[in-house]
Amino acid sequence: ALRRRVSINLSFLYDAARVGLDVPIVIDSTKNAGYLKGVWLERTAPMTFVVLRRDGRAVCHSRMRREGVTMREAARMWLVEQMKQITAMTTIPRSAIYLMRYEDLARNPGDELRRLCRRIGVQYDPLMLSFRYDRHNLGGNPMRFRSGEQVIQLDERWREQLTSRDHRDFDRVAGWLNRRLQQDMSR
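Residues numbered from 1 in each chain as written. Predicted model: local features only at pLDDT ≥ 70, side-chain atom pairs only at ≥ 80, totals over all residues. Heavy atoms only, no water.

Engineer: What am I meant to see in the pattern of salt bridges here?
Structural biologist: If the charged atoms of two oppositely charged side chains come close together, the side chains can form a pair. Tallied over the entire structure, the rule returns 14 salt bridges. Notably, a salt bridge pairs arginine 57 with aspartate 55, separated by 2.6 Å at the nearest N-O pair. A salt bridge links arginine 115 to glutamate 112; the nearest nitrogen and oxygen atoms lie 2.7 Å apart. With arginine 115 and glutamate 112 both in helix α6 (residues 109-120) and three residues apart, the pair spans about one turn of that helix. With a relative accessible area of 38%, arginine 115 lands in the partly exposed category. (Salt bridge = Lys/Arg side-chain N within 4 Å of Asp/Glu carboxyl O. Helix = DSSP H or I, 4+ residues; strand = E, 2+ residues; numbered from the N terminus. Buried < 20%, exposed > 50% of the residue type's maximum accessible area, 1.4 Å probe, protein only.)

Pasting the structure below:
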């Protein structure tokens, strides 16, 4: 049987959702670089990409815990994901990209969210910090389904739990890119 791929212009879908729900913005929390690029190419309205960047060692530590992989495997996966994202964003103007450091968001969520709201032209509301904030969510952080978690907290367990070998393995595989991305955040 011949299969046809159905292509949907997501910008039209987002515009319909925004109008239908009578909301000022639609947030897509995808982490897929190809999808991100497709959304940019199909855009029908102004758009800002919020890139939440976390230290790669922390991301790898989380993956090691969740998936039971070695640091080398986790670092390779992180490196590939970052390279795909960097490649996808090369033709997106810097003015359409808002970089946010995970660690800053976790330490000062209100301040960071206020900055983001100013950037995208939305009125800040302290209720935005609640995982139970009035919204319609497809996918995203599974934390929103857990009843006991209500506060954004910085998770730096990786600093104590990674071994010196884990640090060396990460540095050999992806340390160069992690340092570059962290430097980019300082600018």
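Engineer: Even after reading the chapter, I still don't get the packing of aromatic side chains, so can you show me in this structure?
Structural biologist: The description of an aromatic ring pair rests on the distance of the ring centres and on the angle between the ring planes. Going through the model one piece at a time under the given rule, you end up with two aromatic pairs. Relative to phenylalanine 49, the ring of tryptophan 40 has its centre 5.9 Å away and its plane inclined at 55 degrees; by these criteria the two rings are tilted. Each of the two residues, tryptophan 40 as well as phenylalanine 49, counts as buried. Note on tryptophan 78 and phenylalanine 170: the rings are 5.7 Å apart at their centroids and 55 degrees apart in plane angle, and the pair reads as tilted. With tryptophan 78 in helix α4 (residues 71-89) and phenylalanine 170 in helix α8 (residues 164-186), the pair connects residues that are 92 residues apart, well separated along the chain. Note on accessibility: tryptophan 78 and phenylalanine 170 belong to one class, buried. Across from the ring centre of tryptophan 40, 3.6 Å away, lies the NZ or CZ of arginine 43, which sits over that ring. (Phe/Tyr/Trp six-rings, centres within 6.5 Å; stacked < 30°, edge-to-face > 60°. Lys NZ or Arg CZ within 6 Å of the ring centre and 35° of its normal.)

Engineer: Is there a simple way to explain the nonpolar core in this structure?
Structural biologist: One broad trend across soluble globular proteins is that nonpolar side chains are buried collectively. By size, the foremost hydrophobic cluster in this structure holds 17 residues, and its most contacted members are Cys60, Met71, Ala75, Trp78, Phe170 and Ala174. Residue assignment for this core shows that the elements contributing at least two residues are α3 (56-67), α4 and α8. Those residues in contact with methionine 71, other than ones at most four positions away along the chain, are Cys60, Met64, Leu162, Asp166, Asp169 and Phe170. (Core = buried A, V, L, I, M, F, W, Y, C linked by side-chain atoms within 4.5 Å. Contact = heavy atoms within 4.5 Å.)

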